Amino acid sequence: MQNTRKVMEDIVWVGCNDRRLALFENIFPIPRGVSYNSYLIMDEKITLMDTVDACVSQQFLENIEYVLEGRPVDYLVVNHMEPDHCANIGEIIRRYPDVKVVANAKTAQMIGQFFDALSQERMVLVKEGDTLQTGRHTLRFVMAPMVHWPEVMVTYDETEKILFSADAFGTFGALNGNIFNDEIHFDKDWLPDARRYYANIVGKYGAQVQALLKKAAALDIQMICPLHGPIWRSNIEYFVEKYDRWSKYEPEDQEVVIIYGSIYGHTEQAANALAGRLAEKGVKNIAVYDVSSTHVSELISEIFRASHLVIACPTYNGGIFPPMENLLNDMAALSVKKRTVALMDNGTWAPAAGKQIVKKLEEMKDMTILDLQLSLKSTLKNDRAEELDAFAQQIAESM
Ligand code: FEO
């Protein structure tokens, strides 16, 4: 059975959902699934905007056949060559032997890496600002390198003022029949996954996202059709503002996230005591996470959201507790910056994690490391209550 929806009179969503995949990119848990979006523009010449992941090929091809009603696909626009979107290029060419593949030079090279190289006659090579007339629609191609691979481009439909935005403005989460942002409670149900998708997939490339946002600002955009998650046809500025903030590494909330590692529970106890003190000082919406049991992608997402981070970490083999070290390495890899960090470390005979964590934080850009640090020997005892209070006070005052 086909599963398609009209985006407008002559544009149809022919994407697919995947609720079976446990780990996106074999890294990120997606308990709410994911959608791979693809769109058919049913003009004088028919254009397919990207394809979908191999695991949903059957549904995708059924969707396309249903919408085409026997007509062929004339153009396949390849905005992004990551396999979650390009896996069906070969199958589309086999089924529609006259289809022209519209892509930039980098994409053409990658097509040759993933598949057999395509002949020149098969390709329509495009560069920044080139247009393709399909009848009523004029498609303009805008390069968006590193959002999220080097070959990425986005396509602006000048006729309907739609931005086909590739991975940009995408989110984790399968589409449950409702494919438009005004059919769902995005803020309540989708924002955490959207943030987690952005921070972990595109987070490293803030400068490149800013470059794309500047190009997009020059266009009159009435709708955004991303490759994952809902289509934006109203309140677009809400999501653009989120992207602007995230790509500048500016926090959404002036709030505290406490992330602790704890081998036998003593550092956890100290983190809880700190959270209580912070609350007494009026700090609201404190979030506390165990670094061992919370997926690192969730932690990264929370660090992108909040202004303040407390790291509470035991020493392990003379170094940083490994799950915390993994988080710190991920923060560095994703270019986290502009956060205020307070540090608590622990060690029974030689607390050493603190200094090593500070070194890693200092290598990140524009991080404020609060002066007062708390170093524990095995447990936080009541005779250190004043120190704990001062530690909490400096965090509260820095907010
Ligand atoms: Fe959804 Fe970068 O692929």
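About the thresholds
Residues numbered from 1 in each chain as written. Predicted model: local features only at pLDDT ≥ 70, side-chain atom pairs only at ≥ 80, totals over all residues. Heavy atoms only, no water. Helix = DSSP H or I, 4+ residues; strand = E, 2+ residues; numbered from the N terminus. Buried < 20%, exposed > 50% of the residue type's maximum accessible area, 1.4 Å probe, protein only. Contact = heavy atoms within 4.5 Å. Pairing = 2+ DSSP bridges. Axes fitted to C-alpha atoms, helices over the stretch in contact; angles between N-to-C directions. Phe/Tyr/Trp six-rings, centres within 6.5 Å; stacked < 30°, edge-to-face > 60°. Lys NZ or Arg CZ within 6 Å of the ring centre and 35° of its normal. Core = buried A, V, L, I, M, F, W, Y, C linked by side-chain atoms within 4.5 Å. Domains from an automatic or database assignment. Arc of directions from axis to C-beta. Buried area = accessible area lost by both parts, 1.4 Å probe. Salt bridge = Lys/Arg side-chain N within 4 Å of Asp/Glu carboxyl O. Nonpolar A, V, L, I, M, F, W, Y, C, P; charged D, E, K, R; others polar.

S.K.: I keep staring at the overall build of the protein and nothing clicks. Help me out?
M.R.: Within the protein, the secondary structure is distributed over twelve helices and 23 strands. Taking the principal axes of its C-alpha atoms as reference, the protein extends roughly 80 × 40 × 40 Å. A buried classification covers 56% of the 399 residues belonging to the protein. The long-range fraction of contacts in the protein, counting pairs at least 24 apart against all pairs at least 6 apart in sequence, stands at 73%.

S.K.: What am I meant to see in the pairing of strand β7 (residues 39-42) here?
M.R.: On a regular strand, each side chain points to the face opposite its neighbour's, so the side chains alternate between the two faces of the sheet. Every second residue of β7 is oriented toward a common face, with Tyr39 and Ile41 on one face and Leu40 and Met42 on the other, all of them buried. In terms of strand pairing, strand β2 (residues 11-13) meets β7 through three bridges, oriented antiparallel. From the neighbouring strand, valine 12 faces β7, where its bridge partner is leucine 40. With four bridges joining them, β7 and strand β8 (residues 46-49) adopt antiparallel strand pairing.

S.K.: For this particular structure, what's the right way to read the sheet that holds strand β13 (residues 138-143)?
M.R.: Each strand in a sheet pairs with another by means of backbone hydrogen bonds, the pair being arranged parallel or else antiparallel. Spatially, five strands are ordered β12-β13-β14-β15-β16 in an open sheet, and the strand pairing comes out mixed. Two strands in the sheet have a free side with no partner beyond their single neighbour: β12 (131-133) and β16 (223-225). When strand polarity is set aside, the average angle formed by the axes of neighbouring strands in this sheet is 20 degrees.

S.K.: What is the right way to look at the packing of aromatic side chains in this model?
M.R.: Geometrically, a pair of aromatic rings is defined through the distance of the ring centres and the angle of the planes. Tallied over the entire structure, the rule returns 20 aromatic pairs. For the pair tyrosine 198 and phenylalanine 304, a centre-to-centre distance of 6.2 Å together with 70 degrees between the ring planes defines the contact as edge-to-face. Of the two residues, tyrosine 198 sits in helix α5 (residues 186-202) while phenylalanine 304 sits in helix α9 (residues 296-305), which places them 106 residues apart along the sequence. Given the relative accessible area of 3%, phenylalanine 304 is considered buried. Among the aromatic residues, ring-to-ring pairing joins Phe169, Phe186, Tyr198, Trp232, Tyr238, Phe239, Tyr243, Trp246, Tyr249 and Phe304 into one connected group. Positioned over the ring face of tryptophan 190 is arginine 32, at 4.3 Å from the centre of the ring.

S.K.: Sorry if this is basic, but what is going on with the nonpolar core here?
M.R.: For soluble globular proteins, nonpolar side chains are generally found buried alongside one another. By size, the foremost hydrophobic cluster in this structure holds 121 residues, and its most contacted members are Ile64, Tyr243, Ile311, Met324, Leu327 and Met331. Considering every element that reaches this core, the biggest residue donor is α5, with nine residues. Counting contributing residues per domain, this core is built from domain 1 (5-247) and domain 2 (257-398), each supplying no fewer than three. Non-local contacts of tyrosine 243, meaning those with residues more than four positions away in its chain, are made with Asp167, Ala168, Phe169, Gly170, Tyr197, Tyr198, Val209 and Leu213. Core analysis: the next-biggest nonpolar cluster, separate from the first, contains 21 residues, Tyr260, Ala271, Ala312 and Ala342 among them.

S.K.: Explain the pairing of strand β19 (residues 306-316) here, please?
M.R.: Most of β19 sits out of view: ten of its eleven residues are buried. Pairing geometry for strand β17 (residues 253-260) and β19, over six bridges, is parallel. From the neighbouring strand, isoleucine 259 faces β19, where its bridge partner is isoleucine 311. The sheet contact formed by β19 and strand β21 (residues 340-346) spans seven bridges and is parallel. Residue cysteine 313 lies in a different strand from β21, and its bridge partner there is aspartate 345. In this sheet, strand β20 (residues 319-320) lies alongside β19 in antiparallel orientation, the contact comprising two bridges.

S.K.: Please explain the sheet that holds strand β10 (residues 100-103) as it appears in this structure.
M.R.: If you trace the seven strands from one edge of the open sheet to the other, you get β1-β2-β7-β8-β9-β10-β11, paired in mixed fashion. For this open sheet the edge positions go to β1 (5-8) and β11 (123-125), each flanked by a neighbour on one side alone. Each adjacent strand pair in this sheet contributes to an overall mean axis angle of 25 degrees, direction not counted. Bridge count between β10 and β11: three bridges; the pairing is parallel.

S.K.: Is there a simple way to think about helix α11 (residues 353-362) in this case?
M.R.: One full turn of an α-helix is made of 3.6 residues, so residues set three or four places apart face in the same direction. Inspection of α11 places Ala353, Gly354, Ile357, Val358 and Leu361 among the buried residues, and these make up the whole buried set. End-on, the buried residues of α11 take up no more than an arc of 130 degrees, which puts them together on one face. Looking at α11, the residues exposed on the side facing more than 90 degrees away from the buried face are Lys355, Lys359 and Glu362. Elements in contact with the buried residues of α11: β19, β20, α10 (322-333), β21 and β22 (368-369).

S.K.: What am I meant to see in the domain arrangement of the protein here?
M.R.: By a frequent convention, interface size equals the accessible area lost on bringing the separate parts together. In terms of domain boundaries, the protein breaks down into domain 1 (5-247) and domain 2 (257-398). On the side of domain 2, eleven residues touch domain 1, which itself brings twelve residues to the contact. When domain 1 packs against domain 2, the two sides together hide about 970 Å² of surface, and 58% of this comes from carbon and sulfur. Contact with domain 2 buries surface across domain 1, with Arg195, Asn200 and Lys204 losing the most and accounting together for 45% of the total. The tally of links between domain 1 and domain 2 comes to one salt bridge. A salt bridge links arginine 196 to glutamate 298, with the shortest nitrogen-to-oxygen separation between them at 3.8 Å. Secondary structure elements with two or more residues in the side of domain 1 that touches domain 2: β5 (28-29) and α5. Residue contributions to the side of domain 1 that touches domain 2 peak at six residues, all from α5. Classifying every residue of the side of domain 1 that touches domain 2 gives seven nonpolar, two polar and three charged.

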